[in-house]
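# Chain and residue survey
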Amino acid sequence: MKKGFALHSTGNYSDALKTFDQAINQDKKNAKAWYCRAQAHMKLQSYEAALRDFRRALRLEPTDAKAWHGQGVAKAKLTLYPSAVDSFDHAIECDPDNPKIWYNRGRALLKLTQFTDALESFDRAITLDDSKYHTWYNRSLALAGLEQIQPAIDSLTQVTQLKSDCHYAWNYRGTLL
(Lines give C-alpha, C1' and ligand atoms only; values in the text may rest on other atoms or scores of the structure.)
Protein backbone atom coordinates (compact mmCIF):
# COMPACT_ATOMS: atom_id res chain seq x y z
CA MET A 1 0.00 0.00 0.00
CA LYS A 2 2.86 2.41 0.80
CA LYS A 3 4.18 2.08 -2.73
CA GLY A 4 0.70 2.86 -4.07
CA PHE A 5 0.47 5.97 -1.89
CA ALA A 6 3.89 7.13 -3.11
CA LEU A 7 2.96 6.56 -6.75
CA HIS A 8 -0.37 8.32 -6.26
CA SER A 9 1.26 11.31 -4.58
CA THR A 10 3.65 11.76 -7.53
CA GLY A 11 0.83 11.61 -10.07
CA ASN A 12 1.61 8.11 -11.32
CA TYR A 13 -1.99 6.95 -11.07
CA SER A 14 -1.80 4.01 -13.47
CA ASP A 15 1.00 2.36 -11.52
CA ALA A 16 -0.70 3.24 -8.23
CA LEU A 17 -3.79 1.48 -9.55
CA LYS A 18 -1.75 -1.68 -10.21
CA THR A 19 -0.31 -1.54 -6.70
CA PHE A 20 -3.78 -1.21 -5.18
CA ASP A 21 -4.93 -4.11 -7.39
CA GLN A 22 -2.22 -6.23 -5.78
CA ALA A 23 -3.30 -5.17 -2.29
CA ILE A 24 -6.91 -6.10 -3.09
CA ASN A 25 -5.83 -9.47 -4.52
CA GLN A 26 -4.00 -10.16 -1.26
CA ASP A 27 -6.95 -9.10 0.92
CA LYS A 28 -10.39 -8.59 -0.63
CA LYS A 29 -11.64 -7.21 2.72
CA ASN A 30 -9.17 -4.32 2.79
CA ALA A 31 -11.52 -1.33 2.62
CA LYS A 32 -8.63 1.12 2.42
CA ALA A 33 -7.24 -0.61 -0.67
CA TRP A 34 -10.64 -0.41 -2.38
CA TYR A 35 -10.89 3.27 -1.41
CA CYS A 36 -7.38 4.05 -2.67
CA ARG A 37 -8.00 2.23 -5.93
CA ALA A 38 -11.20 4.24 -6.34
CA GLN A 39 -9.22 7.45 -5.85
CA ALA A 40 -6.72 6.37 -8.50
CA HIS A 41 -9.64 5.68 -10.87
CA MET A 42 -10.96 9.18 -10.11
CA LYS A 43 -7.63 10.73 -11.08
CA LEU A 44 -7.72 8.72 -14.31
CA GLN A 45 -11.30 9.95 -14.90
CA SER A 46 -12.60 6.36 -14.80
CA TYR A 47 -15.65 7.39 -12.80
CA GLU A 48 -17.71 4.22 -13.23
CA ALA A 49 -14.78 2.07 -12.05
CA ALA A 50 -14.25 4.46 -9.16
CA LEU A 51 -17.92 4.21 -8.23
CA ARG A 52 -17.72 0.40 -8.14
CA ASP A 53 -14.68 0.56 -5.86
CA PHE A 54 -16.22 3.15 -3.55
CA ARG A 55 -19.28 0.91 -3.22
CA ARG A 56 -17.07 -2.05 -2.34
CA ALA A 57 -15.16 0.02 0.24
CA LEU A 58 -18.45 1.14 1.79
CA ARG A 59 -19.74 -2.43 2.04
CA LEU A 60 -16.66 -3.17 4.12
CA GLU A 61 -16.57 0.12 6.03
CA PRO A 62 -20.05 1.73 5.98
CA THR A 63 -19.10 4.71 8.17
CA ASP A 64 -16.16 5.89 6.06
CA ALA A 65 -16.94 9.54 5.35
CA LYS A 66 -14.16 9.80 2.76
CA ALA A 67 -15.58 6.87 0.79
CA TRP A 68 -19.11 8.31 0.92
CA HIS A 69 -17.72 11.67 -0.20
CA GLY A 70 -15.70 10.08 -2.99
CA GLN A 71 -18.73 8.13 -4.13
CA GLY A 72 -20.72 11.37 -4.23
CA VAL A 73 -18.05 13.08 -6.32
CA ALA A 74 -17.94 10.11 -8.72
CA LYS A 75 -21.73 10.19 -9.06
CA ALA A 76 -21.64 13.94 -9.71
CA LYS A 77 -19.00 13.42 -12.42
CA LEU A 78 -21.42 10.91 -13.98
CA THR A 79 -24.22 13.54 -13.67
CA LEU A 80 -26.12 11.36 -11.17
CA TYR A 81 -26.88 14.41 -9.05
CA PRO A 82 -29.77 13.16 -6.86
CA SER A 83 -27.78 10.06 -5.98
CA ALA A 84 -24.67 12.19 -5.40
CA VAL A 85 -26.60 14.28 -2.88
CA ASP A 86 -27.61 11.07 -1.08
CA SER A 87 -23.96 10.03 -0.86
CA PHE A 88 -22.95 13.46 0.42
CA ASP A 89 -25.70 13.22 3.05
CA HIS A 90 -24.25 9.90 4.24
CA ALA A 91 -20.79 11.46 4.33
CA ILE A 92 -22.14 14.36 6.41
CA GLU A 93 -23.68 11.88 8.87
CA CYS A 94 -20.18 10.45 9.36
CA ASP A 95 -18.26 13.75 9.29
CA PRO A 96 -20.55 16.77 9.75
CA ASP A 97 -17.67 19.24 10.11
CA ASN A 98 -16.02 18.63 6.75
CA PRO A 99 -16.42 21.73 4.57
CA LYS A 100 -15.49 19.88 1.34
CA ILE A 101 -18.45 17.56 1.73
CA TRP A 102 -20.83 20.48 2.28
CA TYR A 103 -19.32 22.29 -0.71
CA ASN A 104 -19.72 19.33 -3.04
CA ARG A 105 -23.25 18.73 -1.78
CA GLY A 106 -24.03 22.36 -2.65
CA ARG A 107 -22.56 21.94 -6.15
CA ALA A 108 -24.76 18.90 -6.82
CA LEU A 109 -27.80 20.77 -5.55
CA LEU A 110 -26.96 23.71 -7.84
CA LYS A 111 -27.00 21.30 -10.79
CA LEU A 112 -30.48 20.25 -9.65
CA THR A 113 -31.49 23.95 -9.39
CA GLN A 114 -32.31 23.42 -5.71
CA PHE A 115 -30.98 26.84 -4.84
CA THR A 116 -32.25 27.09 -1.26
CA ASP A 117 -30.69 23.76 -0.25
CA ALA A 118 -27.52 24.60 -2.18
CA LEU A 119 -27.25 27.92 -0.34
CA GLU A 120 -27.63 26.16 3.01
CA SER A 121 -24.81 23.77 2.06
CA PHE A 122 -22.50 26.59 0.97
CA ASP A 123 -23.29 28.56 4.12
CA ARG A 124 -22.40 25.52 6.24
CA ALA A 125 -19.16 25.05 4.30
CA ILE A 126 -18.30 28.73 4.83
CA THR A 127 -19.07 28.47 8.55
CA LEU A 128 -16.52 25.65 8.71
CA ASP A 129 -13.93 27.32 6.44
CA ASP A 130 -14.47 30.81 5.05
CA SER A 131 -11.17 30.94 3.13
CA LYS A 132 -12.25 29.09 -0.03
CA TYR A 133 -13.11 31.53 -2.81
CA HIS A 134 -14.85 28.86 -4.89
CA THR A 135 -17.35 28.24 -2.09
CA TRP A 136 -18.20 31.94 -2.01
CA TYR A 137 -18.52 31.94 -5.80
CA ASN A 138 -20.94 29.03 -5.82
CA ARG A 139 -22.84 30.68 -2.98
CA SER A 140 -23.32 33.67 -5.29
CA LEU A 141 -24.74 31.37 -7.98
CA ALA A 142 -27.27 29.95 -5.52
CA LEU A 143 -28.24 33.44 -4.37
CA ALA A 144 -28.64 34.64 -7.95
CA GLY A 145 -30.80 31.58 -8.64
CA LEU A 146 -32.98 32.76 -5.76
CA GLU A 147 -33.00 36.26 -7.30
CA GLN A 148 -31.16 37.68 -4.29
CA ILE A 149 -28.91 39.86 -6.40
CA GLN A 150 -27.29 42.12 -3.80
CA PRO A 151 -26.33 39.21 -1.50
CA ALA A 152 -24.95 37.45 -4.61
CA ILE A 153 -22.84 40.53 -5.40
CA ASP A 154 -21.68 40.63 -1.78
CA SER A 155 -20.53 37.01 -2.07
CA LEU A 156 -18.65 37.86 -5.26
CA THR A 157 -16.97 40.72 -3.42
CA GLN A 158 -15.76 38.15 -0.90
CA VAL A 159 -14.44 36.03 -3.78
CA THR A 160 -12.39 38.94 -5.14
CA GLN A 161 -11.06 39.74 -1.68
CA LEU A 162 -9.81 36.15 -1.38
CA LYS A 163 -8.59 35.89 -4.99
CA SER A 164 -8.29 39.26 -6.68
CA ASP A 165 -7.50 37.74 -10.09
CA CYS A 166 -10.61 35.54 -10.20
CA HIS A 167 -11.77 36.69 -13.64
CA TYR A 168 -15.00 34.72 -13.68
CA ALA A 169 -16.09 36.31 -10.38
CA TRP A 170 -15.42 39.77 -11.80
CA ASN A 171 -17.27 38.84 -14.98
CA TYR A 172 -20.27 37.44 -13.12
CA ARG A 173 -20.32 40.45 -10.81
CA GLY A 174 -20.54 42.67 -13.90
CA THR A 175 -23.37 40.55 -15.27
CA LEU A 176 -25.36 40.93 -12.04
CA LEU A 177 -24.80 44.68 -11.88
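Remember, it's a predicted structure, so these values are computed and weren't measured experimentally.

### Here's the deal with the packing of helix α2 (residues 13-26) against helix α3 (residues 31-43)
Direction vectors running N to C along α2 and α3 enclose 160°, while the axes themselves pass 9 Å from each other. As judged from the angle between their axes, α2 and α3 are roughly antiparallel. Here α2 and α3 pass one another in a crossing that is left-handed. On α3, the residues touching Y13, L17, F20, D21, A23 and I24 of α2 are A33, W34, C36, R37, A40, H41 and K43. Classifying every residue of the contact of α2 with α3 gives 9 nonpolar, 1 polar and 3 charged.

### Observations concerning the environment of N98
In this fold, N98 is placed in the loop between α6 (81-94) and α7 (99-111). Taking relative accessible area as the criterion, N98 reaches 21% and is therefore assigned partly exposed. Considered as a pair, N98 and I24 are 74 residues apart in the sequence and their alpha carbons are 28 Å apart. Within polar-contact distance, the side chain of N98 engages the backbone nitrogen of K100 at 2.9 Å.

Here is what the cut-offs are and how they apply
- Residues numbered from 1 in each chain as written.
- Predicted model: local features only at pLDDT ≥ 70, side-chain atom pairs only at ≥ 80, totals over all residues.
- Heavy atoms only, no water.
- Axes fitted to C-alpha atoms, helices over the stretch in contact; angles between N-to-C directions.
- Helix = DSSP H or I, 4+ residues; strand = E, 2+ residues; numbered from the N terminus.
- Parallel < 35°, antiparallel > 145°, perpendicular 65-115°, else oblique.
- Left-handed = near helix turned anticlockwise from the far one by under 90°.
- Contact = heavy atoms within 4.5 Å.
- Nonpolar A, V, L, I, M, F, W, Y, C, P; charged D, E, K, R; others polar.
- Buried < 20%, exposed > 50% of the residue type's maximum accessible area, 1.4 Å probe, protein only.
- Polar contact = N/O pair within 3.5 Å; in protein donor to acceptor, adjacent residues only side chain to side chain.

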